[in-house]
Amino acid sequence: MSAGIYDRRGEVHARFGGQQRGGIITPARHALVIIITGEEGLEHGYADRLRADGTFEYFGEGQVGPMTMHKGNAAIANHSANGKSLLLFKTTKQGLRFEDEMVYESHHIEQAPDREGNLRDAIVFELRPIDGVTEVVEELAPRPSSSDTELEELRKRAFAAAKESPGKTKSASTIFERSRDVRDYVVARAKGHCEGCEAPAPFHRPYGVPYLEPHHIRRLTDGGPDDPRHVIGLCPNCHRRVHSGADGTTYNLDLAKRMLAIEIA
Ligand SMILES: [Zn+2]
Ligand SMILES: [Zn+2]
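Below or above, wherever it landed, is the structure these notes cover.

Criteria and cut-off values
- Residues numbered from 1 in each chain as written.
- Chains lettered and ligands numbered in written order.
- Predicted model: local features only at pLDDT ≥ 70, side-chain atom pairs only at ≥ 80, totals over all residues.
- Heavy atoms only, no water.
- Helix = DSSP H or I, 4+ residues; strand = E, 2+ residues; numbered from the N terminus.
- Buried < 20%, exposed > 50% of the residue type's maximum accessible area, 1.4 Å probe, protein only.
- Lys, Arg positive; Asp, Glu negative; His and termini not counted.
- Salt bridge = Lys/Arg side-chain N within 4 Å of Asp/Glu carboxyl O.
- Polar contact = N/O pair within 3.5 Å; in protein donor to acceptor, adjacent residues only side chain to side chain.
- Contact = heavy atoms within 4.5 Å.
- Expected span 1.5 Å × (residues − 1).
- Phe/Tyr/Trp six-rings, centres within 6.5 Å; stacked < 30°, edge-to-face > 60°.
- Axes fitted to C-alpha atoms, helices over the stretch in contact; angles between N-to-C directions.
- Parallel < 35°, antiparallel > 145°, perpendicular 65-115°, else oblique.
- Nonpolar A, V, L, I, M, F, W, Y, C, P; charged D, E, K, R; others polar.
- Donors = N, O, S within 2.8 Å, 3.2 Å for Na, K, Ca; no water.

**A short note on the side chain of D222**
By secondary structure assignment, the location of D222 is in the loop between β9 (213–216) and β10 (231–234). Although D222 is buried, it makes no salt bridge; R240 carries the closest opposite charge, 7.0 Å away. Reaching out from D222, the side chain makes a polar contact with the backbone nitrogen of H216 at a distance of 2.6 Å. Within the local environment of D222, its side chain forms a polar contact with the side chain of H243, the two groups lying 3.1 Å apart. The contact partners of D222, leaving out residues within four places of it in the chain, are I130, T134, P214, H215, H216, H239 and H243.

**Describing helix α4 (residues 148–161)**
Taking 1.5 Å of rise per residue, 14 residues should cover 20 Å, and α4 covers 20 Å from first to last C-alpha, within 8% of that figure. For α4, the elements touching its buried residues are α5 (175–189).

**Regarding the packing of aromatic side chains**
Enumeration over the complete set of coordinates arrives at four aromatic pairs. Residues Y104 and F125 carry aromatic rings whose centres are separated by 6.2 Å and whose planes lie at 70° to one another, so their mutual orientation is edge-to-face. In this pair, Y104 sits in strand β7 (residues 96–113) while F125 sits in strand β8 (residues 119–129), placing the two residues 21 residues apart along the sequence. Assigned by exposure class, Y104 and F125 land together as buried.

**Focus on the packing of helix α6 (residues 236–244) against helix α7 (residues 248–262)**
One can describe the packing of α6 onto α7 by two numbers: an axis separation of 6 Å at closest approach and a directional angle of 125°. Classified by the interaxial angle, the pair formed by α6 and α7 is oblique. Residue-level inspection shows C238, R241 and V242 of α6 in contact with α7, the latter providing G248, Y251, N252 and L255. For the contact of α6 with α7, the per-class residue count stands at four nonpolar, two polar and one charged.

**A closer look at the coordination of the zinc ion (ligand 1)**
Here the zinc ion (ligand 1) is held by C194 (SG), C197 (SG), C235 (SG) and C238 (SG), and the distances to it run 2.3 Å. Counting the intervening residues between successive donors of the zinc ion (ligand 1) yields the motif C-x2-C-x37-C-x2-C. You can see C197 sitting in the loop between α5 and β9 and its partner C238 sitting in helix α6, a full 41 residues away along the chain.

Given below as structure tokens:
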């Protein structure tokens, strides 16, 4: 098997379980939503596509009649709120090729034929590669918070940011703004100290904000919006430890326990 190509049954399902058919796999015991793009849509007269602005448009599931926001479709729309990584694979002759980790930004409804050739409402997800989101957000100035009212305001925004927003218009906040909302709240919540080891932040960013890194406890990588109960503000040492340390997995479990006290539901 060539690099980056996976056999669906032998590797993806053997390791993660999940549905054996269809383009959306939601393994019960892993913080993952796997989506597959390929030629299947073509025979129905539509195909997933990359837009000029870098958004990847992915057609939801549902073979006949209008698509509904349930099961796999809901899993895509809510992956951030559920603390799950959204992984995009492409069907090739050799097997499934890993493309990228994506973030749900939005979705819209358009008319597309179903399996029987009838036009119906199709859910088209608008997704972005997580690295692109992270890079842009890194450049966005933090919103300062000096008072408790401001912290409460940031908290509200951060909790709203991870949630699905059906039917939202183009004027609604972008994926970049929503990711920034989560980051700014987590850093403000930490009040200048690492939420892992409680040491003071090692230095300040421009604008006087303490330097701490948002770590996504349940996801494979950091970045994008997420439920703030799954994101912890770490000093660079703790953050390297959790990703690169010999005890990284155990430390991540400790952090998950700490989060229960930090963010009471
Ligand atoms: Zn620390
Ligand atoms: Zn991390």
